Protein chains: 4
Amino acid sequence: MTLLADLLSTVFERRHRLARTGSRDDRPIEALTAELIGASVEASGLAVARSLLERYAEMDDAAKRGFFHHLARDMNIDESEVQRALEAYAREQTKATYRSFMQAAEPPRQELIRRLNQVPGATAALVGMRADLLRLSGDEDALHALDLDFRHLFASWFNRGFLVLRPINWGSPAFILDKIIDYEAVHRIDSWDDLRRRLEPTDRRCFAFFHPVMPDEPLIFVEVALTRGVPGSIQGLLAESRDMIEAEDADTAVFYSISNCQEGLASISFGHSLIKQVAADLSAELPTLETFVTLSPIPGFAHWLADQDIAVQPDDTDRVRALAAHYLFDVKRSDGLPRDPVARFHLGNGAVLHQVHAAADLSENGLEQSKGAMVNYLYDFEKVARNLEGFAVAQTIAASQEVRALAAAARKAA
Amino acid sequence: MTLLADLLSTVFERRHRLARTGSRDDRPIEALTAELIGASVEASGLAVARSLLERYAEMDDAAKRGFFHHLARDMNIDESEVQRALEAYAREQTKATYRSFMQAAEPPRQELIRRLNQVPGATAALVGMRADLLRLSGDEDALHALDLDFRHLFASWFNRGFLVLRPINWGSPAFILDKIIDYEAVHRIDSWDDLRRRLEPTDRRCFAFFHPVMPDEPLIFVEVALTRGVPGSIQGLLAESRDMIEAEDADTAVFYSISNCQEGLASISFGHSLIKQVAADLSAELPTLETFVTLSPIPGFAHWLADQDIAVQPDDTDRVRALAAHYLFDVKRSDGLPRDPVARFHLGNGAVLHQVHAAADLSENGLEQSKGAMVNYLYDFEKVARNLEGFAVAQTIAASQEVRALAAAARKAA
Amino acid sequence: MTLLADLLSTVFERRHRLARTGSRDDRPIEALTAELIGASVEASGLAVARSLLERYAEMDDAAKRGFFHHLARDMNIDESEVQRALEAYAREQTKATYRSFMQAAEPPRQELIRRLNQVPGATAALVGMRADLLRLSGDEDALHALDLDFRHLFASWFNRGFLVLRPINWGSPAFILDKIIDYEAVHRIDSWDDLRRRLEPTDRRCFAFFHPVMPDEPLIFVEVALTRGVPGSIQGLLAESRDMIEAEDADTAVFYSISNCQEGLASISFGHSLIKQVAADLSAELPTLETFVTLSPIPGFAHWLADQDIAVQPDDTDRVRALAAHYLFDVKRSDGLPRDPVARFHLGNGAVLHQVHAAADLSENGLEQSKGAMVNYLYDFEKVARNLEGFAVAQTIAASQEVRALAAAARKAA
Amino acid sequence: MTLLADLLSTVFERRHRLARTGSRDDRPIEALTAELIGASVEASGLAVARSLLERYAEMDDAAKRGFFHHLARDMNIDESEVQRALEAYAREQTKATYRSFMQAAEPPRQELIRRLNQVPGATAALVGMRADLLRLSGDEDALHALDLDFRHLFASWFNRGFLVLRPINWGSPAFILDKIIDYEAVHRIDSWDDLRRRLEPTDRRCFAFFHPVMPDEPLIFVEVALTRGVPGSIQGLLAESRDMIEAEDADTAVFYSISNCQEGLASISFGHSLIKQVAADLSAELPTLETFVTLSPIPGFAHWLADQDIAVQPDDTDRVRALAAHYLFDVKRSDGLPRDPVARFHLGNGAVLHQVHAAADLSENGLEQSKGAMVNYLYDFEKVARNLEGFAVAQTIAASQEVRALAAAARKAA
């Protein structure tokens, strides 16, 4: 019933959302924001919020930039007011002085965004607004500061507790699958047939996080292959002619592609929760699974080689492997974290550098970015907490004996 | 598919939710909050958040009060840090100084609550936690200040844009109906048969707001009768022997009971949105509806009469009506708003004082609170914005000629 | 999506169903049946089918009897036509002669009923029509013959392959639960609280078969208790104060009440399939379940005792048990099958007479029907096929040593 | 709830369906059919029915033919038994004699098929079995007679009252859309992009009938374009560059493609019901729709022209239109019905020959079959009953003035 009713009301709201308000509100945008922020909250703001969103939707980039500058400039905190409120609170800590401080310390634009969000369907529009903001901010500090407010609110709204994990499969609605094709960021999906090969077989899975108010928009998704043993190349994993296995016969789940879908949710991190939840769900369904591992690109490898003036041929597989292990294990940024962004992500999640493979991604992109090399990060959920603490506290990289030996060999050779 | 998948994943998560973590974490509660607030957010906090919620669930009131004091004292803002960050921001407005100010100005307990909310199912637990807080706060300002943080977060999480309106009817799950019986706060539901009489007939409706992560818990609900003409008594409206009409033959929708369900969401206002949305939905379904009106109690009437030493008999209907009109229209608090709380709510929503009826609620409670009188507030959605502005700005009460005349008569008689 | 769309279309059809055709068709009922049976099937019959059903719905019993006589008399097979078609087929077996025979050998009323069934929602109406027929048939052979046609069609339409098993629980729609209360035929449900005690605890289950075109009407349902060990009394099983257990801790599933819901589906047998499917589903969910057993009444016991002039006191428990075992094991009808109808049902399903209990149903009805005795029939699914064959072929009753010994003792005592 | 529960149980059953029985039953197929037909119905047949279906699924065509011969020969009616039962019934019409006649007159293979259908998921398998039978029957009368039994049962099981109409759209599961691509029989769907152009725009619709036990298999579907005015060519209707309109602005619904999906349901007619229901649903949703019309091929036109030795060029549009009108309006089979099969279908449904267009289908197939001509059949639901009766009784073709004039011109020219 729950879901049934949900559906009906959602359908209803969607219909409403399309219904235009009819009369356009042509006042200056500053008049609308002033009215919205001044409205006695629940009772009267909805119509003006809707007008503001409609007006925004029609803006070109210049107008959007103007709107963002308005928010950054006119809806910022008032420092002297914060100062006064802070002093009053310091003098006497009461509910009233605390409330005054809270109000003064939060810029009005946060409340404005919350009120815009009252309109059914607004959340997706606001995510789009932030994507615009990120695109148009350039090096203007005021706009970057404004983005911190969006990000603060979105981190609260897109809290893990509000997200829903859904399987994506060949029975999913076509419009969702269409987006999966578009959003796939690691190994391009060429066609609906290619997509089907990644979704339909019993040894393939895909999962995405959704937010209940954006049911048509995946936030992040992961593609999984169920295999016997840890695979060493993406072309083998995705080969049309590969042998399928029964899911029940698999001992390994391979996360071979993770893609974020919403630019407007940049820096709101879902990846760790997704991997953890998917691993938990797969374990519950398939108790024979023993190993959870990625098959990951090494996007910064070729660039680093070039920086070091190291020439290497992809078919010199031993050298490639050793250099890749060295790059992942030893090469750091100034903050002590690995230079490779994918390594930072998985090691930061508590994974282990498990195996390095040469000739593992022979696509144009794979050769160009990483000389064809790939890496397995291993998720051993019993050790994840310890690994992740070591990485966070001391930048310690958890790595297998094999990877350590390879890295050592490369160091020696250098 | 969307909903289907939703369901399956939800079912799955619910199963998980029940699964205990096995080993209880017995460290002092302060160690847990410190670890949670210190965790690199997404990656590691989930387990400790779960432990904290489990520990809280086992606390008695004394321990809960201790926990709240800990949050109020140890997870408050640090004024000197705010001062420093504010000064730095005043010197130079950059992204970095703004971020530092934001972090300093928000008490850590807000982030703590957000992190607790990562646990699937935690939102309902946190709503319960605030209900405890409100119950246990007494006159301690520090706890009332802490409540402002809960309320600030809940206002964001329970934003209108995240709520789903659902019809409640005789096909709703029994466990939801059970809660409707429990939560009905205006006209008690005596039995399942009584409930059925309010839900099953085609001229009766009920709607509730739900939050997607609390699908089993209505937040607020309204009971509606579809009638011909504006009704003048609750006993007539709810009589077992009344004549039912076809919904299509009704010209009036009567909101005769609105009940908030969650004590932990006190001061988060849903009523106006609910009335507006339900009216919009009913209009779309039944285009013949012309009038949207309440049949409301006057809970402060008898008390005011007593304060004024006015003795009145419920069966002196003319006098009762005039006095009730006078009370609603003329009697104000020090802030200029009506003394009657239900009047404040509906007039604050832009409704009109439409008709006053004597002998309209002859239940024990109705006689005791309001000498049997009731009132219709009329929602004319074309005038709601104007009314509500007049009420907000100048405390002007919109009232019909009839009510004005009654009030005038009572003033003259006084 | 499948289900989602299903729902929407179903909702739509339901709306349509309620929409009247507007103009009533007032021709004699015989004109309507003639037109319907004459219609070129798909194209034109729908409107007249709807008219016929509407007319039937308004008939009183006398008119219904008239309608049934019309079907029995005017829509029967034409023997001479059958004879001719049979001879033609005997001369030459071709597709054409076979088709002619098929048409002649099936009475037109079967096709009439199929065409009535084209109207959305008609199936439930036709089930109701048969219930009327059974009620009104008296000893008229022609009406009993007509019933054979209904039954023939219904056996095909309500084939096991078309039925859907659904759990009934405290989240089921209230209108379904209402029917469960009404239809419970073995141990009366006194109130919604009583119902809740049978549905909500984790050690209680209920399942029903539904037909997809009658989604609001259970066909048959079974109530199940999950226990440790085989229970010996219904009052213990249903006691308000009983100790609940976790479903995972149960080793036994007790089918303690099976109720058919639709009089119009009399003689269409669902019970065996229901027990088998529910046992399979419970086994899959709870692998620790080892024993599947009933706790059944012995409805013919007291009557048989009276026939035999045997006086027995319910509290003479040893004697009651022995006599009950003897009655169930030894007392037969003229066709060699057990006299007790519940015994015929479960033994015919391949169950074993497992244990007999005295003082097991101390309700008024239990004492009156069976001197308070009850019986467990054991379903050992590995032996069910063998038992059921023995029972069908040689009327062999499978019984435990204990029951055999009790029966022998009673025989000796007699 | 209804649907929700439905889903869960369906999911459950699907899982079960895949579970093999483990031990294969290797007895001769005749032993299995004998056991199944002899089983005391509900109690014991399920396992053997499942075995039979599994065995059938593994058969090659020769074995299947052997199985069909077995059914045709060994499970036919016994003429002498029918004769005896008929005589007994003629002597005395009782329930018992009627029952005996019914049993004798129905061949055991019908009951066998019903019992096979008890297995969850069997219905789709039996539809496939009939498709095999039709494919393998050749000119063997015994197998065609056997098909009459399948068809008789399927007509009962796939009765309109059991079917569910569902919209097919861009939110439908990919596996359903995949089948739409495969089954489209009139205007080929070239790609997923082509499909999307037929489903996603607001002025395009698609609907299919489904049977509840075959939720993954559409039975028949129709593609609809919403237009202003009656369209005169399929290439205009399907052009990528066409101007879309809002559904609310359309005055005409064009059924431009109707495809049957299941060969095993040949001669079970769904088309009329589908058109009627879709028109009713669209009318309810879009009250501005005034005209319901097809844009149909004339598949027999070129063939007839060749038979008549008439040479005509597709770009001689006037002549093509006149000849096409003449062909459709005047050219009949020996039974007096139109020679063109699509004309027979729509005129038999009560439609009117409305307009004929030349150069309306310039695809290879359109030119080859019908010299590029197409026709609109108009569904005027107020006149459908009269038209259809005229067509059925007197083979009268309802046609517009325009089509009559064109046909007359062609007759004159001939």
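Scroll up to find the structure.
A few points on the structure.

About the thresholds
- Residues numbered from 1 in each chain as written.
- Chains lettered and ligands numbered in written order.
- Predicted model: local features only at pLDDT ≥ 70, side-chain atom pairs only at ≥ 80, totals over all residues.
- Heavy atoms only, no water.
- Phe/Tyr/Trp six-rings, centres within 6.5 Å; stacked < 30°, edge-to-face > 60°.
- Buried < 20%, exposed > 50% of the residue type's maximum accessible area, 1.4 Å probe, protein only.
- Lys NZ or Arg CZ within 6 Å of the ring centre and 35° of its normal.
- Axes fitted to C-alpha atoms, helices over the stretch in contact; angles between N-to-C directions.
- Helix = DSSP H or I, 4+ residues; strand = E, 2+ residues; numbered from the N terminus.
- Parallel < 35°, antiparallel > 145°, perpendicular 65-115°, else oblique.
- Contact = heavy atoms within 4.5 Å.
- Left-handed = near helix turned anticlockwise from the far one by under 90°.
- Nonpolar A, V, L, I, M, F, W, Y, C, P; charged D, E, K, R; others polar.
- Salt bridge = Lys/Arg side-chain N within 4 Å of Asp/Glu carboxyl O.
- Core = buried A, V, L, I, M, F, W, Y, C linked by side-chain atoms within 4.5 Å.
- Domains from an automatic or database assignment.
- Least-squares fit on C-alpha atoms with pLDDT ≥ 70 in both.

This part takes up the packing of aromatic side chains. Applying the stated criterion to the full structure yields 61 aromatic pairs over all chains. Here the aromatic rings of Tyr-89 of chain D and Tyr-98 of chain D are separated by 5.6 Å at their centres, their planes lie at 50 degrees, and the arrangement is tilted. Assigned by exposure class, Tyr-89 of chain D and Tyr-98 of chain D land together as buried. Joined through ring pairs, the aromatic side chains of Phe-150, Phe-154, Trp-157 and Phe-158 of chain A together with Phe-162 of chain B make up one cluster. Across from the ring centre of Phe-210 of chain A, 4.1 Å away, lies the NZ or CZ of Arg-166 of chain A, which sits over that ring.

So, about the packing of helix α4 (residues 61-74) of chain C against helix α9 (residues 141-157) of chain C. Residues and elements named next belong to chain C. Close contact between α4 and α9 brings their axes to 9 Å; oriented N to C, the two are set at 80 degrees. Judged by the inter-axis angle, α4 sits roughly perpendicular to α9. When α4 is examined against α9, the residues Phe-68, His-69, Leu-71 and Ala-72 are found in contact with a partner set consisting of Ala-142, Leu-143 and Leu-146.

Turning our eyes to something else, we now look at the packing of α9 of chain C against helix α6 (residues 95-105) of chain D. Across the interface, α9 of chain C lies against α6 of chain D with an axial gap of 8 Å and an inter-helix angle of 30 degrees. Between α9 of chain C and α6 of chain D, the angle falls in the class roughly parallel. For the element pair α9 of chain C and α6 of chain D, the recorded crossing hand is right-handed. Every residue of α6 of chain D that contacts α9 of chain C at Asp-141, His-144, Ala-145, Leu-148, Asp-149, Arg-151 and His-152 of chain C is listed here: Lys-95, Tyr-98, Arg-99 and Met-102 of chain D. Residue composition of the contact of α9 of chain C with α6 of chain D, grouped by class: 4 nonpolar, 2 polar and 5 charged.

Residues and elements named next belong to chain B. Going through the model one piece at a time under the given rule, you end up with 108 salt bridges over all chains. Among the ionic pairs, Glu-111 bridges to Arg-115, the shortest N-O distance being 2.8 Å. Residue Glu-111 and its partner Arg-115 are both found in helix α7 (residues 108-116); the two are separated by 4 residues, about one turn of the helix. We classify Arg-115 as buried; its relative accessible area is 9%. Taking the shortest distance from any N to any O, the salt bridge between Arg-228 and Asp-251 comes out at 3.9 Å.

All names here are of chain A. Counting 93 residues, the largest nonpolar core has Phe-154, Phe-158 and Phe-301 as its most contacted members. Sorting elements by how many residues they give to this core places helix α15 (residues 317-330) first, with 8 residues. Counting residues domain by domain, this core receives three or more from each of domain 1 (13-157) and domain 2 (162-413). For Phe-158, the contacting residues outside a window of four places in its chain are Thr-123, Val-127, Leu-163, His-211, Met-214, Leu-219, Leu-265, Ile-268 and Phe-270.

A few words on the relation of the copies chain B and chain A. Expressed as a screw transformation, the operator carrying chain B onto chain A has a rotation angle of 180 degrees and an axial translation of 0.0 Å, and the superposed copies differ by an RMSD of 0.1 Å. The superposition operator between the copies reduces to a two-fold rotation axis. Mapped onto chain A, 98% of the interface residues of chain B are again interface residues, and the two copies thus contact each other with one and the same surface.

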